[in-house]
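# Chain and residue survey
What follows is each chain in one-letter form.
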2 protein chains.
Amino acid sequence: MRVKDGDWFTEVCDEAGSAFSLRVTKKLYNERSRYQTIEVYETSHFGNLLVLDGFVMLNARDNFIYHEMMSHPALYTHPHPKRVLVIGGGDCGCLGEVLKHREVIAAELVELDERVTRVSEQFFPELCAASNDPRASLHFTDGVAWVARAEPGAYDIIIVDSTDPIGQAARLFQAPFYASCRRALGDEGVLIVQSESPLIHLELIHSIRSEMGKAGFQHVSTLHFPQCAYPSGWWSATLAGGRFPHAEFRDSDARAKRFTTRYYNADIHRSALAQPTFMQER
Amino acid sequence: MRVKDGDWFTEVCDEAGSAFSLRVTKKLYNERSRYQTIEVYETSHFGNLLVLDGFVMLNARDNFIYHEMMSHPALYTHPHPKRVLVIGGGDCGCLGEVLKHREVIAAELVELDERVTRVSEQFFPELCAASNDPRASLHFTDGVAWVARAEPGAYDIIIVDSTDPIGQAARLFQAPFYASCRRALGDEGVLIVQSESPLIHLELIHSIRSEMGKAGFQHVSTLHFPQCAYPSGWWSATLAGGRFPHAEFRDSDARAKRFTTRYYNADIHRSALAQPTFMQER
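Given the structure is predicted, the values throughout are model-derived calculations rather than measurements.

The next point concerns the overall build of chain A. A tally of helices and strands in chain A yields eleven helices and twelve strands. Computed over its C-alpha atoms, the radius of gyration of chain A comes to 18 Å, within 12% of the 19 Å expected for a compact globule of 282 residues. Projected onto its principal axes, the C-alpha positions of chain A cover 55 × 45 × 35 Å. In chain A, once contacts between residues fewer than 6 apart in sequence are set aside, the share between residues at least 24 apart is 65%.

Our focus in this paragraph is the domain arrangement of chain A. Residue and element names in this part refer to chain A. By domain assignment, chain A separates into domain 1 (8-59) and domain 2 (63-281). Summarising the inter-unit geometry, the C-alpha centres of domain 1 and domain 2 are found 23 Å apart. Every contact between the two is made by 22 residues of domain 1 and, on the other side, 18 residues of domain 2. Mapped onto the side of domain 1 that touches domain 2, the elements with two or more residues apiece are strand S2 (18-32), strand S3 (37-43), strand S4 (48-52) and strand S5 (55-59). Here the side of domain 1 that touches domain 2 takes six residues from S2, the largest share from any one element. In terms of residue class, the side of domain 1 that touches domain 2 is built from 15 nonpolar, five polar and two charged.

Below, the discussion takes up the interface of chain A and chain B. Counting residues at the interface gives 33 residues for chain A and 32 residues for chain B. For the side of chain A that touches chain B, the secondary-structure elements that each account for two or more residues are S2, helix H10 (266-272) and helix H11 (277-281) of chain A. With six residues, S2(A) is the single largest residue contributor to the side of chain A that touches chain B. Residue composition of the side of chain A that touches chain B, by class: 16 nonpolar, twelve polar and five charged. Bridging between S2(A) and strand S2 (residues 18-32) of chain B involves five bridges; their strand directions are antiparallel. Note on S2(B): the bridge partner recorded for A:Ser21 is B:Ala19.

The next subject is the relation of the copies chain A and chain B. Overlaying chain A on chain B yields an RMSD of 0.0 Å, the required transformation being a rotation through 180° with an accompanying axial translation of 0.0 Å. Viewed as a symmetry operation, the transformation between the two copies matches a two-fold axis. When the interface residues of chain A are mapped onto chain B, 97% of them again lie at the interface, so the same face is used by both copies.

Judged by nonpolar contacts, the single largest core of 173 residues is most densely connected at A:Ile158, A:Ile159, B:Ile158 and B:Ile159. Excluding residues within four positions of it along the chain, A:Ile158 makes contact with A:Leu85, A:Ile87, A:Cys181, A:Ala184, A:Leu185 and A:Leu191.

Residues and elements named next belong to chain A. Here we have seven strands laid out as an open sheet, ordered S8-S7-S6-S9-S10-S12-S11, and mixed in their pairing. Each of the sheet's edge strands pairs with one partner strand only, and the pair in question is strand S8 (136-139) and strand S11 (220-226). The average undirected angle you get between the axes of adjacent strands in this sheet is 15°.

Right, let's talk about helix H7 (residues 175-185) of chain B for a bit. Residue and element names in this part refer to chain B. When H7 is considered as a whole, its buried residues turn out to be Phe177, Tyr178, Ser180, Cys181, Arg182, Ala184 and Leu185. On the buried face of H7, the contacting elements are helix H6 (143-149), strand S9 (157-161), strand S10 (190-194), helix H8 (202-214) and strand S12 (234-241). Of the residues flanking the end of H7, it is Gly186, one or two places downstream, whose phi is positive at about 70°.

For the rest of this paragraph, the subject is unusual backbone geometry. Despite not being glycine, A:Glu196 shows a phi value in the positive range, around 65°. Position of A:Glu196 among the secondary structure elements: in the loop between strand S10 (190-194) and helix H8 (202-214). In this model, B:Ser232 sits at a positive phi of 80°, which is unusual for a non-glycine residue. Its location among the elements puts B:Ser232 in the loop between strand S11 (220-226) and S12. The class for B:Ser232 is buried, based on 25 C-beta atoms found within 10 Å.

Next up on the list: H8(A). Residue and element names in this part refer to chain A. Taking 1.5 Å as the rise per residue, H8 with 13 residues should run 18 Å; its terminal C-alpha atoms sit 18 Å apart, in good agreement. Taken together, the buried positions of H8 are occupied by Ile205, Ile208, Glu211 and Met212. Each buried residue of H8 sits inside an arc of 125° when the element is viewed along its axis, so together they form one side. Of the residues in H8, the exposed ones pointing more than 90 degrees away from the buried face are Glu203 and Ser210. Elements in contact with the buried residues of H8: helix H7 (175-185), S10, S11 and strand S12 (234-241). One or two steps after H8, the chain reaches Gly216, where phi turns positive at roughly 100°.

Residues and elements named next belong to chain B. Overall, mixed pairing links the seven strands, which are arranged S8-S7-S6-S9-S10-S12-S11 in an open sheet. In the strand order of this sheet, the two ends are held by strand S8 (136-139) and S11, each with one partner. Strand-to-strand, the axes of this sheet are offset by a mean angle of 15°, without reference to chain direction. Relative to S8, strand S7 (residues 106-110) is paired through four bridges, and the arrangement is parallel.

Looking at the element boundaries, A:Phe20 is found in strand S2. Ignoring anything within four residues of it in the chain, the contact list for A:Phe20 reads A:Glu11, A:Ala229, A:Pro231 and B:Phe20.

Residue and element names in this part refer to chain B. Of all five residues making up strand S4 (residues 48-52), five are buried, and the element is well covered by its neighbours. The alternating pattern of S4 places Asn48, Leu50 and Leu52 on one face and Leu49 and Val51 on the opposite face, and all of these are buried. For strand S3 (residues 37-43) and S4, the ladder comprises five bridges, and the chain directions are antiparallel. Looking at the pairing, Glu42 lines up with Asn48 of S4. Pairing of S4 with strand S5 (residues 55-59) involves four bridges; the strand directions are antiparallel.

The element S5(B) is largely enclosed, with a buried count of four among its five residues. Following S4(B), the chain reverses through two residues before pairing antiparallel with S5(B); B:Asp53 in that reversal takes a positive phi of roughly 50°.

Across chain A, pLDDT averages 95, with 98% of residues at or above 70. For this predicted complex, the interface confidence reaches an ipTM of 0.94, while the overall pTM sits at 0.96.

Bringing the environment of B:Phe217 into the picture now. Residues and elements named next belong to chain B. Checked against the element boundaries, Phe217 lands in the loop between H8 and S11. Counting along the chain gives 160 residues from Phe217 to Met57, while the straight-line C-alpha distance between them is 28 Å. Beyond its immediate stretch of four places on either side in the chain, Phe217 contacts Tyr178, Arg182, Met212, Ala240 and Gly241.

Each value, and the rule that gives it
Residues numbered from 1 in each chain as written. Chains lettered and ligands numbered in written order. Predicted model: local features only at pLDDT ≥ 70, side-chain atom pairs only at ≥ 80, totals over all residues. Helix = DSSP H or I, 4+ residues; strand = E, 2+ residues; numbered from the N terminus. Rg over C-alpha atoms; globule rule 2.2 N^0.38 Å. Contact = placed C-beta atoms within 7 Å. Domains from an automatic or database assignment. Nonpolar A, V, L, I, M, F, W, Y, C, P; charged D, E, K, R; others polar. Pairing = 2+ DSSP bridges. Least-squares fit on C-alpha atoms with pLDDT ≥ 70 in both. Core = buried A, V, L, I, M, F, W, Y, C linked by C-beta atoms within 7 Å. Buried ≥ 20, exposed ≤ 12 C-beta atoms within 10 Å, placed from the backbone. Axes fitted to C-alpha atoms, helices over the stretch in contact; angles between N-to-C directions. Expected span 1.5 Å × (residues − 1). Arc of directions from axis to C-beta. pLDDT = per-residue confidence, 0-100.

Structure follows, in structure tokens:
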């Protein structure tokens, strides 16, 4: 599956009238799984690129920013995160970041489409190494039902690394699911969900925050960070739960962390919580 | 100059193998000035778009982030900014932000190409209103020569709102120009320059910082912020000068500011100074 020189992969964002393209040197993989079309391209400057149903999921160059920001802020917000659930995130990137925390004793990944994980193991082995960790377990089933059936207080952290709020994934942005998460987390537990672009999807972010409030979460904060290959190049994650305001995270533990990160650090954690004026106003 | 439905303006970033596109509904203007090709498009979701020599300069939707971050952090770093020089910035967006500070008594804009300003007055009137302020003066000449001839200590703030380091603009990224700025600023003066993308142009940022050091600036900091329509969607500005480390900016004045901003606030100022781990390491 060679593409001719000068070819591009382009994702159009209809709701913003914008498009982002990466120059591709080869199409490495194509599959129609039970749930979606899975494609992998080799790009000229961003390493391998994973695309689901035509939407960029990740590339080898900048996925570290997303995976670190979806994981470490939540874990350093909880006083002693031991049991972590990742919903979606079949590429195992978040799972790998979670398992860098030594105090985690169990990390479960619940991904609907096993093929995403198997394809990621082949084309993004650097993200999937951690799934061999004895603390990790992978379950290929529906995340909404999984959380609904979970014991109260079963988890300290739930990370929702979902696709856009379309089709199956739409339920992951609504109060009934957040209420299940609230129950599965207990009072100290922390939820984090990817919440799209501050510039393009401000109304969706507002809706997510409002649905989290309806589900009984007292503290809700939106973090923001760059993510080159997603629409607008600017992305967010919304944090809910915990006993304390999110600015009171374990700053000194984050400063003393014994593992490496490429984007995240305690200053970046605090800075990601700062709200631009237009977000405060909404 | 109608474009047909479904047309796009696309900027390719060769050094990153990426491209960004905006859907355009009309081409509003085209001119070959003495220095460059100036184009203006009407876009579907980003308002008017200004393009110089094929590179996106600004659009009506997100330029506020860039102009605020190129202006307010520098002004709140200086104890009492009265005299401000903007090099480039012919669209007058930075000038408008600078003039929001009441303590500024004179703001000079030195832009090489008068046509950029005249075209901006026509298609971005919201950015140019401030150029009628009696404290503002516009000079259409070479910024490098202007700073070289300035009296020592003539300015409190110099803002370099330049195009990419290609052709005429390359001199704005080098030590001889920064040494002229250092002299024109005196010991308390603060320089800020746009310094491209942290993800794509990390070596350039390193070079700018190093050239500033050679020019005698003791304090150098790189701020970062989203900028959707520039390559990678993530941009930076590098701050130099002042008597104190840049984290000691006038935080309480920034919190008590009497003018409106849409992105900037004191928390955002502090957060923009936080360095991602990979930037610290470089």
